[in-house]
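Below are the chains, spelled out letter by letter.
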Amino acid sequence: MKSKLLSLPYIFWLIIFILIPTFLVVIFAFIDENYNFTTKWIIESGNYIGILFKSIYFAIISTLICFIIAFPIAFILSRSKKYIQKTLLMLIILPMWMNLLLRTYAWMTLLENNGIINQFLNFIGLGKINIINTPYAIILGMVYNYLPFMILPLYSVMTKIEKSIIEAAQDLGANYFVILCKILLPLSLSGIVAGITMVFVPSVSTFIISRMLGGGGNLLFGDIIEQQFIGSTYNPYMGSAMSLFLMIIILIIMWITNMIDKNKEDRQGMLL
Amino acid sequence: MNNILVELKHINFDYDGDVILDGLNLFVNKNEFLTLLGPSGCGKTTTLRLIGGFIFPKSGVIYFEGNNITKLPPHKRNLNTVFQRYALFPHLNLFDNVAFGLKLKKFSKDEIKKKVDKMLKIVNLTGYENRKTEELSGGQQQRVAIARALVNNPKILLLDEPLGALDLKLRKEMQIELKNIQKEAGVTFIYVTHDQEEALTMSDRIIIMKDGEIQQIGTPEDVYNEPKNAFVADFIGESNIMDGIMLLDRLVEIKGKKFKCVDIGFNKHLPVDVVVRPEDINLVFSPTFDDIDNEYIIFGKVINIIFKGVHYEITVSCDGIEWIVHTTINYKLNDSVYIEISPENIHIMEKMFKGESNIIDCFIEDIDTISFMGKTFKKPNHNFSSDDKLEVSILPNNIYIVSEDHSDIVGFLESLIYKGSYNELIFYTDKGKIMVHSQQEEQLGTYIGLKFDLDNIIVSKKGVK
């Protein structure tokens, strides 16, 4: 009884800030200006399917890059001495204390055609690269902003892999490649799934990064949704329909990712 | 000579600047059950990990069947390890755990199944193939770890305190089982433990280590009956360790009383450690020895009795020295008894700390100041010139154990042995070893503050008595 009482505020929170808004999004997606039922917004959302696929494609690429960078970092981190772990973790989390907008602005300035990076490249004689306002800049921005979300779950699961388990594998004849495939990857699976979720979801729905680093020509699905709410084409019904669309896509992808991690009894709460 | 399987030569190993192993030499015979025994921090696990290839020595060579394998990574060594807490693969079931090594060696599926089945039969786990490792009990996990290692048919099995996590009864059963597996499989076992009873039960040979150095190598009977020094005597089994002086061959004196023994070849009047096992002491109500000479008669009083199941542990106080005696006879408190020890049960050992006093190099700092062990002390009117090479002699009972902030120096407690009426403590400091006699008991392996009694030190020219 007491525990029920204690959970009341959270239940209120859930209802007011999560369930009701989600419900409203669903309602808005299926009504027109006169509050009549309609599916035209959903159907119209289909016009943007190309951009949606582009968003998913960008998100997959940046998630993949994040994973490739984060996995060795997380492993080395988990095997380091305690004080090195603490310091490095701090450094990894530190950029997150700054506003996402600010970080992305910083990248804008860095990547500009006459920005610091190009000045430096020019100075050492490599010539300028044109990266700002290209998909590469968007991916770079996503990877930079979301990398910690990949490192942290991987790190936390890897610290639980005892050194002796790796040694046991070595002892039984495993070289480093076998250890990676047969020990490290399977044992960090839950961290990998969590990391993928935490990077993929914000990547696929981002709008700030793509607008600031991608210029006008590389709008993503998130940008289109944003436009429905604050742009000249104000249309919250259309925006709700597109959000719903994206939500369903994300749910499907998350469901597939979760299937990979068969043994998930102990971490059901983490996703879904 | 060709019986040697593994040989370690002049192995040095440091960890973070601490010397763990210092010039270690040892060899392992084919098909033997060799135990590395010692207290924690003695370097036994390090030695095992060096043989396993998980760490590499700073200097020295490791031979395996005559080949230098010092720098060989673990997966290329023909040996397997049973880890302290088993280190089973949590994502694999029992069968796949055991089959892990075989799969890597590219055996066919049928062969793997045959070998794993056979091995599971040996460790008594048939029918558990599909169990997850977390569903197994401690004893079962332990046997999986052994099966996983043995199925690869290694020449050597390394075992790092494999029974440490089990309860007493299971441990006893596993000890016998392990010994049987070793005999049946015909594999060399190198076994690390801090449990002396385990070592005595299972081993063909025991290597006793302390502070990265080997103290004694021998069969269980050897190390129990003929301990080389007080540390070994104290570590293996229970014992009375006393200060003695060798009077003649076959005659030793302990606190003014003479004891016949069988040891010869010690210098006359050499201070020695004397070991007597508690079960080797006879208590009698009237002396039975032929010698009526008073010097040979040790008379005492029972001051403590503890019932231990099979025997009583009795403490007898004789002229301030306490003897521990194991007997099945039920004595009563305050009984007056005579102590009798037959000569072959008295073991004479050289002292670990040479000399009766601490002799330390000493320097003149000023007309009224001297220094030793890196500290300066007031010593008015010492009458030495600054050219003199001096040493200072401090008796072990003139050094006191104090808290670190009041201490002259801080020492690392290496050894603590009860000598019947006081504790003999040996400290390691960066300026040399120091022996202290004290009633206090301190934790081994900790740093402890020491204070010198400056009124009772003797400063003299070097070499002058």
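The structure displayed is predicted, hence computed values, not measured ones.

**Some points on the overall build of chain A**
When helices and strands are tallied, chain A shows 13 helices and zero strands. Its C-alpha atoms put chain A at 70 × 70 × 35 Å along the principal axes. Burial status across chain A gives 42% buried among its 272 residues. Taking the contacts inside chain A whose residues are at least 6 apart along the sequence as the reference set, 69% of them involve residues at least 24 apart. Split by element, the accessible area of chain A, about 15,500 Å² in all, is 73% carbon and sulfur. In chain A, 17 side chains carry a positive charge and 12 a negative one; their mean positions are 9 Å apart.

**Comments concerning the overall build of chain B**
The helix and strand inventory of chain B stands at eight helices and 30 strands. Principal axes of the C-alpha set define a box for chain B whose edges measure 85 × 60 × 45 Å. Pairs at least 24 apart in sequence give 65% of the contacts found in chain B among residues at least 6 apart. Put simply, chain B shows about 22,700 Å² of open surface, and 49% of that area lies on carbon and sulfur atoms.

**Topic: the sheet that holds strand 25 (residues 399-402) of chain B**
The strands that make up a sheet pair up through hydrogen bonds in the backbone, lying either parallel or antiparallel. Residue and element names in this part refer to chain B. Read from one edge of the open sheet, five strands run 25-29-26-27-28, paired in antiparallel fashion. If you trace the sheet from one side to the other, it starts and ends with strand 25 and strand 28 (432-438), each paired once. Each adjacent strand pair in this sheet contributes to an overall mean axis angle of 45 degrees, direction not counted. When strand 25 meets strand 29 (residues 447-452), the two strands line up antiparallel, connected through four bridges. Bridge pairing in strand 29 places Ile 399 opposite Phe 452.

**Some details on the packing of aromatic side chains**
Overall, the coordinates contain 21 aromatic pairs over all chains when judged by the stated rule. Clustering of aromatic rings is evident, with ring pairs tying together A:Phe28, A:Trp41 and A:Tyr237. The ring centre of B:Phe27 lies 4.6 Å from the NZ or CZ of B:Arg205, which sits over that ring. The residue whose ring lies beneath B:Lys210 is B:Phe231, and the NZ or CZ to ring-centre distance is 5.5 Å.

**Comments concerning the packing of helix 2 (residues 94-104) of chain B against helix 3 (residues 109-122) of chain B**
Residues and elements named next belong to chain B. Axis separation between helix 2 and helix 3 bottoms out at 10 Å; the angle between their running directions is 125 degrees. Of the possible angle classes, the one that applies to helix 2 and helix 3 is oblique. Along this stretch, helix 2 crosses helix 3, giving a crossing that reads as right-handed. Contacts from Leu 94, Phe 95, Val 98, Ala 99, Leu 102 and Lys 103 of helix 2 reach helix 3 at Ile 112, Lys 113, Lys 115, Val 116 and Leu 120.

**Some details on the interface of chain B and chain A**
Taken together, the contacts link 23 residues of chain B with 20 residues of chain A. Here chain B meets chain A over a buried area of about 1,800 Å², counting both sides, of which 62% is carbon and sulfur. Its largest share of buried area at the contact with chain A, chain B owes to B:His75, B:His91 and B:Leu104, together 29% of the area lost on that side. Along the contact surface separating chain B from chain A lie two salt bridges. Measuring nitrogen to oxygen at the nearest pair gives 3.9 Å for the salt bridge that ties B:Asp16 to A:Lys81. For the interface between chain B and chain A, the tally reads five residue pairs in polar contact (both at pLDDT 80 or more). Residue assignment for the side of chain B that touches chain A shows that the elements contributing at least two residues are strand 6 (79-82), helix 2 and helix 4 (138-150) of chain B. Among the residues making up the side of chain B that touches chain A, the classes are represented as 11 nonpolar, six polar and six charged.

**Description of the pairing of strand 8 (residues 188-193) of chain B**
Residues and elements named next belong to chain B. Most of strand 8 sits out of view: six of its six residues are buried. Burial along strand 8 is two-sided: Thr 188, Ile 190 and Val 192 and Phe 189, Tyr 191 and Thr 193, pointing in opposite directions, are all buried. Inspection of the sheet shows strand 3 (residues 33-37) paired to strand 8 by five bridges, in the parallel sense. From the neighbouring strand, Phe 33 faces strand 8, where its bridge partner is Phe 189. As judged from the five bridges shared by strand 7 (residues 156-160) and strand 8, these two strands associate in the parallel manner. Of the residues in strand 8, the one forming a bridge with Leu 159 is Tyr 191.

**Some details on the pattern of salt bridges**
All names here are of chain B. In this structure the tally under the stated criterion is 26 salt bridges over all chains. Among the salt bridges present, the one from Glu 32 reaches Arg 205, with a minimum N-O distance of 2.7 Å. Highlighted residues: Glu 32 in the loop between strand 2 (18-29) and strand 3 and Arg 205 in strand 9 (residues 205-210), separated in sequence by 173 residues. By relative accessible area, which is 6% here, Glu 32 ends up buried. With a closest N to O distance of 3.7 Å, Lys 308 and Glu 313 form a salt bridge. On the basis of relative accessibility, which here comes to 43%, the residue Lys 308 falls in the partly exposed class. Bridged by salt links that share partners, the residues Asp 243, Asp 273, Lys 351, Lys 419 and Glu 424 form one connected network.

**Some thoughts on the pairing of strand 3 of chain B**
Among the five residues of strand 3 of chain B, five are classified as buried, and the element is accordingly described as predominantly covered. A two-sided burial pattern is seen for strand 3 of chain B, the buried positions comprising B:Phe33, B:Thr35 and B:Leu37 on one face and B:Leu34 and B:Leu36 on the other.

**Things to note about the confidence of the model for chain B**
Residues and elements named next belong to chain B. Summary statistics for chain B give a mean pLDDT of 89 and a share of 97% for residues scoring 70 or more. Looking across chain B, the model is least confident in strand 23 (residues 375-378), with a mean pLDDT of 82, and most confident in strand 3, with 96. With pTM at 0.79, the complex prediction returns an ipTM value of 0.78.

What counts and what doesn't
- Residues numbered from 1 in each chain as written.
- Chains lettered and ligands numbered in written order.
- Predicted model: local features only at pLDDT ≥ 70, side-chain atom pairs only at ≥ 80, totals over all residues.
- Heavy atoms only, no water.
- Helix = DSSP H or I, 4+ residues; strand = E, 2+ residues; numbered from the N terminus.
- Buried < 20%, exposed > 50% of the residue type's maximum accessible area, 1.4 Å probe, protein only.
- Contact = heavy atoms within 4.5 Å.
- Areas by Shrake-Rupley, 256 points an atom, 1.4 Å probe, with all protein chains shown as cover.
- Lys, Arg positive; Asp, Glu negative; His and termini not counted.
- Charge placed at Lys NZ, Arg CZ, Asp CG, Glu CD.
- Pairing = 2+ DSSP bridges.
- Axes fitted to C-alpha atoms, helices over the stretch in contact; angles between N-to-C directions.
- Phe/Tyr/Trp six-rings, centres within 6.5 Å; stacked < 30°, edge-to-face > 60°.
- Lys NZ or Arg CZ within 6 Å of the ring centre and 35° of its normal.
- Parallel < 35°, antiparallel > 145°, perpendicular 65-115°, else oblique.
- Left-handed = near helix turned anticlockwise from the far one by under 90°.
- Buried area = accessible area lost by both parts, 1.4 Å probe.
- Salt bridge = Lys/Arg side-chain N within 4 Å of Asp/Glu carboxyl O.
- Polar contact = N/O pair within 3.5 Å; in protein donor to acceptor, adjacent residues only side chain to side chain.
- Nonpolar A, V, L, I, M, F, W, Y, C, P; charged D, E, K, R; others polar.
- pLDDT = per-residue confidence, 0-100.

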